[in-house]
Amino acid sequence: MWCLLLPAVFLLQAQEAAFSAGVRVVNVLATVRDKQRQIIRDLTKDDFLLEEDGRPQAIRYFSSQAGLSLTLGLLVDTSGSQRRVLGEQRQASHRFLQQVLREGQDQAFVIQFDHQVELLEELTSSREELASALALLLAPPPLPSHWQAYQPAPRGGRVSRGTSLYDAVRLASDEQMHEQAGRKALILLSDGVDAGSKVSLDDAIEAAQRADTLVYSIRFYDERAYSGKRHRPDGKKTLERLARETGGGYFEVSKKQPLERVFERMEEELRNQYSLGYTPDRQAGGEFRKIRLTTKQKGLLVQSTDGYYPHGTLSTAPAP
């Protein structure tokens, strides 16, 4: 579920609802699945229950939203642990962007990250430019043997030649997503191991929440990358938390679920969402607001974020 700023035109198109001047509106996008993980497409406004900080909120408008503009950020881990799977990531990402982006309406950007974060392509709706950026994805050369044997930790305990995953999420949220409207999602391809970021996981999650952006975490773990090492880091919990607290989804690539199938599931979600709008019953401050969206029908799973930051998220609807 996303909490985002919608221009008044979308509010009026979504539902003919009368708002008085100065009314502040929170918009929520949600995906609903049943116990078999199948997407539910036929719910109505009366099927949902919405709370903010434990206080019930009246849903003012409701619609199915597949037509809103979509902004995607593809964040690809090109560190040494991903070297062997990078080709597969490049090919599947190319096919996904070709299928999901509507030229002239949707847009995307591409970032690669290892010990540093690099923007390969700024926001664009051109499939050709995005394909060219994906072709530039490149893993750094292996560390020299003396680096592998001895890597002194700098101040703060982090190894300087590592993976700046948290930095990538923070920078993508702050510099690319924050000023965008409509539906926004970061697609994170990584094994989830961070060993070089300047910011924390909490900082990265807050940045995505403030930018009203969900994170789809795709764990692509190459066991051979850690063979022979005593300590095998596990980034699963990191990727799960990024997805859960921003309202995105978590996936693991495996023989039974290849990357192409993961992208198919994400595309299905992006094309089948509900849009709900409400006006908070309390004056907005700057503190984080907890949102809980459920359905009256038992057994249904609502994919939802933890909440939102009022500043920059609430919009003022014009007089009718």
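Given the structure is predicted, the values throughout are model-derived calculations rather than measurements. (Residues numbered from 1 in each chain as written. Predicted model: local features only at pLDDT ≥ 70, side-chain atom pairs only at ≥ 80, totals over all residues. Heavy atoms only, no water.)

**Some thoughts on the overall build of the protein**
Part 1: Per the secondary structure count, the protein includes eight helices and 16 strands.
Part 2: Evaluated residue by residue, the protein yields a buried proportion of 52% over its 320 residues.
Part 3: Across the protein, every contact between residues at least 6 apart in sequence was considered, and the portion connecting residues at least 24 apart equals 79%.
Part 4: Carbon and sulfur atoms make up 47% of the accessible area of the protein, which amounts to about 15,100 Å² in all. (Helix = DSSP H or I, 4+ residues; strand = E, 2+ residues; numbered from the N terminus. Buried < 20%, exposed > 50% of the residue type's maximum accessible area, 1.4 Å probe, protein only. Contact = heavy atoms within 4.5 Å. Areas by Shrake-Rupley, 256 points an atom, 1.4 Å probe, with all protein chains shown as cover.)

**Looking at the pattern of salt bridges**
Part 1: Here the structure, examined in full by the defined rule, presents 16 salt bridges.
Part 2: Between Arg 219 and Glu 252 there is a salt bridge, with the nearest N and O atoms lying 3.5 Å from each other. A residue pair is termed long-range when its members are at least 10 positions apart, and Arg 219 in strand 10 (residues 214-219) and Glu 252 in strand 11 (residues 250-252) qualify at 33 residues.
Part 3: Judged by relative accessible area, Glu 252 falls into the partly exposed class, the value being 28%. (Salt bridge = Lys/Arg side-chain N within 4 Å of Asp/Glu carboxyl O.)

**Some points on the environment of Gly 54**
Part 1: Inspection of the secondary structure puts Gly 54 in the loop between strand 3 (48-52) and strand 4 (55-56).
Part 2: Sequence separation between Gly 54 and Lys 290 is 236 residues, and the spatial gap between their C-alpha atoms is 7.7 Å.

**Quick notes on the pairing of strand 13 (residues 289-295)**
Residues in a regular strand project their side chains so that they alternate between the two faces of the sheet.
Part 1: Across the seven residues that make up strand 13, a large majority, five, are buried.
Part 2: Across five bridges, strand 3 lies against strand 13 in antiparallel orientation. Considered in strand 13, the bridge of Leu 50 is made with Leu 293.
Part 3: The pairing of strand 13 with strand 15 (residues 307-308) spans two bridges and is antiparallel. When the bridges of strand 15 are listed, Lys 290 appears paired with Gly 307. (Pairing = 2+ DSSP bridges.)

**Re the pairing of strand 6 (residues 70-77)**
Part 1: In terms of burial, strand 6 is largely enclosed, as eight of its eight residues are buried.
Part 2: Pairing analysis gives seven bridges linking strand 6 to strand 9 (residues 183-190), with the strands arranged parallel. Across the sheet, Leu 70 pairs through a bridge with Arg 183, a residue of strand 9.
Part 3: Both strand 6 and strand 7 (residues 107-113) contribute to a ladder of seven bridges, which runs parallel. If you follow Gly 73 over to strand 7, its bridge partner there is Phe 109.
Part 4: With helix 2 (residues 86-100) bridging strand 6 and its parallel neighbour strand 7, the resulting β-α-β unit is right-handed. (Right-handed = clockwise from strand over helix to strand, strands pointing away.)

**Digging into the sheet that holds strand 11**
Part 1: On the basis of which strands lie adjacent, the open sheet formed by six strands has the order 8-7-6-9-10-11 and mixed pairing. Whereas interior strands pair on both sides, the edge strands pair on one side only; in this sheet they are strand 8 (117-124) and strand 11. Ignoring strand direction, the axes of neighbouring strands in this sheet form an average angle of 15°.
Part 2: Sitting on the sheet, helix 2 touches strand 6, strand 7 and strand 9, and the angle it makes with strand 6 is about 175°.
Part 3: Its contacts with the sheet place helix 8 (residues 259-271) against strand 6, strand 9, strand 10 and strand 11, and it is angled at close to 165° to strand 10. (Axes fitted to C-alpha atoms, helices over the stretch in contact; angles between N-to-C directions.)

**Observations regarding the side chain of Gln 176**
Part 1: Inspection of the secondary structure assignment puts Gln 176 in helix 5 (residues 165-177).
Part 2: Taking relative accessible area as the criterion, Gln 176 reaches 15% and is therefore assigned buried.
Part 3: Other than its neighbours up to four places away in sequence, Gln 176 contacts Phe 109, Leu 119, Leu 123 and Leu 171.

**Re empty space enclosed by the protein**
Part 1: Summed over the entire model, instances satisfying the criterion amount to two cavities of 30 Å³ or more.
Part 2: When its volume is computed, the second largest cavity comes out at roughly 30 Å³.
Part 3: His 94, Leu 97, Gln 98, Leu 101, Arg 127, Leu 130, Ala 131 and Leu 134 together form the lining of the second largest cavity.
Part 4: Elements with a minimum of two residues in the lining of the second largest cavity: helix 2 and helix 3 (127-135).
Part 5: Sort the elements by how many residues they give to the lining of the second largest cavity and helix 3 lands first, with four residues.
Part 6: Here the residues of the lining of the second largest cavity sort into five nonpolar, two polar and one charged. (1 Å grid on protein atoms, 1.4 Å probe; cavity = no way out; pocket = protein on both sides within 12 Å on 5 of 7 lines; lining within 4 Å. Points joined across faces, edges and corners; volume = space filled by probe spheres on them. Nonpolar A, V, L, I, M, F, W, Y, C, P; charged D, E, K, R; others polar.)

**Overview of the nonpolar core**
Part 1: Judged by nonpolar contacts, the single largest core of 32 residues is most densely connected at Leu 72, Leu 97, Ile 218, Leu 259 and Phe 263.
Part 2: Contributing elements (two or more residues each) for this core: strand 6, helix 2, strand 7, helix 3, strand 9, strand 10 and helix 8.
Part 3: When residues no more than four places from it in sequence are discounted, the contact partners of Phe 263 are Ala 92, Ser 93, Phe 96, Ile 187, Leu 189 and Ile 218.
Part 4: Of all hydrophobic cores here, the second largest spans 21 residues; its members include Ile 111, Ala 168, Val 199 and Leu 242. (Core = buried A, V, L, I, M, F, W, Y, C linked by side-chain atoms within 4.5 Å.)

**Looking at the sheet that holds strand 3**
Part 1: Across the sheet, which stays open at both edges, the four strands sit in the order 4-3-13-15 with antiparallel pairing between neighbours. One side of each edge strand has no neighbouring strand; the edge strands of this open sheet are strand 4 and strand 15.
Part 2: Direction of pairing for strand 3 relative to strand 4: antiparallel, over a ladder of two bridges. In the strand pairing of strand 4, Glu 52 is matched with Arg 55.

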